[in-house]
Amino acid sequence: MKRTNEFEVVPQSDEDEELLRRLLDASAALWNEINYQRRTNFDDPDGDVWEIDEYRGRYGGTLGASTVQQIERKNREAWRSFFALREKGEANGKPGFWGNQDEGRELRTYIRNTSYSVEWGDYSRLEILVGQDLKEEYGLGYQERLRLEVRGEPNWKEYDKQGRLELYYDDVNEMFRAFQPVTIDNSRLAHPLADETAALDIGANNNVACTVSTGEQYLYEGRDLFKRFRETTQRIAELQSKLREGRYSSKQIDSLYRRRTRRRNHAMDAIARDLIERLYDEGVSTVYVGDLTDVLETHWSVRTNAKLHNFWAFRRFVGRLADTAEEYGISVEVRTEAWTSQTCPNCGSTEDTTRHQDTLTCSCGFEGHADLVASETFLRRHQNSPSSDWRTRHFVSRQRHETVARPMARPVCLKWDSHDWLESSRSPRPNEEHTNPQVASVVVRDDEVVS
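Since this is a predicted model, take the numbers as computed values, not measurements.

(A) Representation of the packing of aromatic side chains in the model. Enumeration according to the criterion identifies 16 aromatic pairs in this entry. Aromatic pair Trp-79 and Phe-82: ring centres 5.6 Å apart, planes at 80 degrees, arrangement edge-to-face. Residue Trp-79 and its partner Phe-82 are both found in helix α3 (residues 65-88); the two are separated by three residues, about one turn of the helix. Classification of Phe-82 by relative accessible area gives buried; the value is 9%. For the ring pair Phe-82 and Phe-83, a centre distance of 5.3 Å and an interplane angle of 55 degrees mean the geometry is tilted.

(B) Representation of the packing of helix α1 (residues 14-43) against α3 within the structure. Two elements in contact, α1 and α3, have axes whose closest approach is 10 Å; the angle formed by their N-to-C orientations is 40 degrees. What the angle tells us is that α1 and α3 run oblique. Remark: the crossing between α1 and α3 carries right-handed chirality. Across the interface between the two elements, Ser-27, Leu-30, Trp-31, Ile-34, Asn-35, Arg-38, Arg-39 and Phe-42 of α1 pack against Thr-67, Val-68, Ile-71, Glu-72, Lys-74, Asn-75, Arg-76, Ala-78, Trp-79, Phe-82, Phe-83 and Arg-86 of α3. Tallied by class, residues from the contact of α1 with α3 come to ten nonpolar, four polar and six charged.

(C) Structural view of the nonpolar core. With 43 residues, the main nonpolar core has Phe-7, Leu-20, Leu-126 and Ile-128 as its most contacted residues. Ignoring sequence-local partners within four residues, the contact set of Phe-7 consists of Val-118, Trp-120, Leu-126, Val-150, Arg-151, Leu-165, Phe-176, Arg-177, Ala-178 and Gln-180. Residues Cys-210, Val-289, Ala-325 and Tyr-328 belong to the second largest nonpolar core, which totals 38 residues.

(D) Structural view of the confidence of the model for the protein. On average, the protein scores 80 in pLDDT, and the residues at 70 or more come to 81%. Looking across the protein, the model is least confident in strand β22 (residues 449-450), with a mean pLDDT of 32, and most confident in strand β4 (residues 108-111), with 96. Here residues 296-300 is modelled with pLDDT under 50, and outside its nearest four sequence neighbours on either side it reaches eleven contacts, counting other chains as well. In the predicted structure, residues 427-451 sits below a pLDDT of 50 and forms 72 contacts with residues beyond four places in sequence or in another chain.

(E) Up close: the pairing of strand β14 (residues 284-290). By the criterion of burial, β14 is predominantly enclosed, with seven of the seven residues buried. Two strands pair when backbone bridges link them, and strand β11 (residues 196-202) and β14 are joined in this way by five bridges, in the parallel orientation. What sits directly across from Leu-200, in β14, is Val-289. One ladder, built from five bridges, connects β14 with strand β15 (residues 331-335); its direction is parallel. Residue pairing across strands places Val-289 opposite Val-334, the latter belonging to β15.

(F) A look at the environment of Leu-20. By secondary structure assignment, the location of Leu-20 is in helix α1. A relative accessible area of 0% places Leu-20 in the buried class. Dropping the residues within four chain positions of it, Leu-20 is found in contact with Pro-11, Ile-128, Leu-146, Leu-148, Leu-167 and Phe-176.

(G) The arrangement of the sheet that holds strand β13 (residues 217-221) in detail. Spatially, the seven strands line up as an open sheet ordered β15-β14-β11-β12-β13-β19-β20, and their pairing is mixed. Edge positions in the open sheet fall to β15 and β20 (421-423), since each of these has one partner strand only. Ignoring strand direction, the axes of neighbouring strands in this sheet form an average angle of 25 degrees. Sheet analysis places strand β12 (residues 206-212) next to β13, joined by five bridges and oriented antiparallel. Looking across to β13, one finds that Ala-209 is bridged to Leu-219.

Cut-offs and rules
Residues numbered from 1 in each chain as written. Predicted model: local features only at pLDDT ≥ 70, side-chain atom pairs only at ≥ 80, totals over all residues. Heavy atoms only, no water. Phe/Tyr/Trp six-rings, centres within 6.5 Å; stacked < 30°, edge-to-face > 60°. Helix = DSSP H or I, 4+ residues; strand = E, 2+ residues; numbered from the N terminus. Buried < 20%, exposed > 50% of the residue type's maximum accessible area, 1.4 Å probe, protein only. Axes fitted to C-alpha atoms, helices over the stretch in contact; angles between N-to-C directions. Parallel < 35°, antiparallel > 145°, perpendicular 65-115°, else oblique. Left-handed = near helix turned anticlockwise from the far one by under 90°. Contact = heavy atoms within 4.5 Å. Nonpolar A, V, L, I, M, F, W, Y, C, P; charged D, E, K, R; others polar. Core = buried A, V, L, I, M, F, W, Y, C linked by side-chain atoms within 4.5 Å. pLDDT = per-residue confidence, 0-100. Pairing = 2+ DSSP bridges.

See below:
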C-alpha cells in the first residue's frame, strides 16, 4: 500500500541553501527545455512528442544523471496524462512550464529512490545526490551528498520501500518541503474499533459538517478560510485586468494562484487528518461523503452553489480523506446528498423549509443549524438499517412513551488558525436540532445564541 511522508527541509548553512536553490532551478530549466521540445513536436504534424534530445550531457554535471532521468520521466508522465484526458474530452491544456528565467522559475526537482536517504530521529536528516560539478564547486567529496535537516514527524517511519522524492520551495510559506512516497505492509494499518457510521456535508461557509451514528457532531467553520480565498481571487482578477494585450498571466499572478491553492489544500488536508482521527476514536468504520455534483440539483441558493464549486477541490479532498481513512481501516463512500440541505428532519418537508445563512427553518416549527441537519439527514438516508432503528438506538425520549428524536451531543465546532483546527468557543453551546415544536428553539447563529 502506497502512502506519503511530508516534511520540511532546512539547509544547514547559507552555502547549502544556495547549492539547493541552484539544483532546483536547474531542474526547472531542464523541465522547461524538455517540455518546450515536446510542445513543439506536438504542434508539428510530422513531429513525435516522445522523441527528445539527450540532456544528460548538459545537465548531468549539475543534477546528476539519475535526476535528469527522473525529470524527463516526470514530464513524460504529464504528457501521458494529457493524452488520456484528451481522449475523454477533459484536457484543460498541454503540460505547462515551471516559470521562466526572467520572472523566476518554480523551484522543484525529483530525486530517484536510490539517490536519497532519510534518517529519522532526534536529528532527522535528508541526504540527496547532486551533480559532480556542483560537488566540486561547493567542496563536497566525490561520494558525499548534500545533507539537509528534516523537521516534522512522518506518518510512516517504517516502510518496505521508498519512491521518488519530490523536493520544492514553497514560496507561500517560504520554506523547502519534500514529499516522500513509501510502500507499507497492510498489517501496519489500524482496524476500526466498532461498526459506527458517519456522514459529511461539504460546504464553503462551513467546510465540513459531520454527524456520527453515536450522536456526536463536528463542524469545521470555513468563513475565514473562504474569505482569504475570495480576497486572493479578487486580487488575481485585478492583476489580470492590467495585463497588456496578449498576456494572460505574470509571475505575481502565478504566485497568487499557487498561494491560494496551497493555503486551501493545507487546511483541507488538516481537516482530513483531524476528522478521521476523531472518527476512529468514535469507532467509525464507514464514512459517507456527499457528492457535490448533486448540489446543482438544489435551487435554494445559486450564489452558494457557485461559491462552493469555485472553492472546493472535491476530488482531491475525497482522495486525501480516503487515503487517511485507509490508515485506520475506515472506508469512504461518495453518495448522493441531493435535497438534504432542504429537508426538515421533523416533518420531512422540502417545500416548506427556508434556509438563511446557517439556519434552516420549517413551517412545522423546526429551527436548526442547516449544515448539521443536512449531515444528519444524509446519514439517516444511507444507513444500512432503517432510519427509525438508528434514531431509536441513539435518541429516545420517554415523553408520552413515544420514540422521538432528542438533541444530540453538543457539536464540536472547530476554527482554522492557519496551522491547526482548534476547538472554538461555540463548542459548548447546545445543539440546534429540535423536532418537537412544543420545545423552545435554540439556534446557533454567527455571533450569538437565541433561545
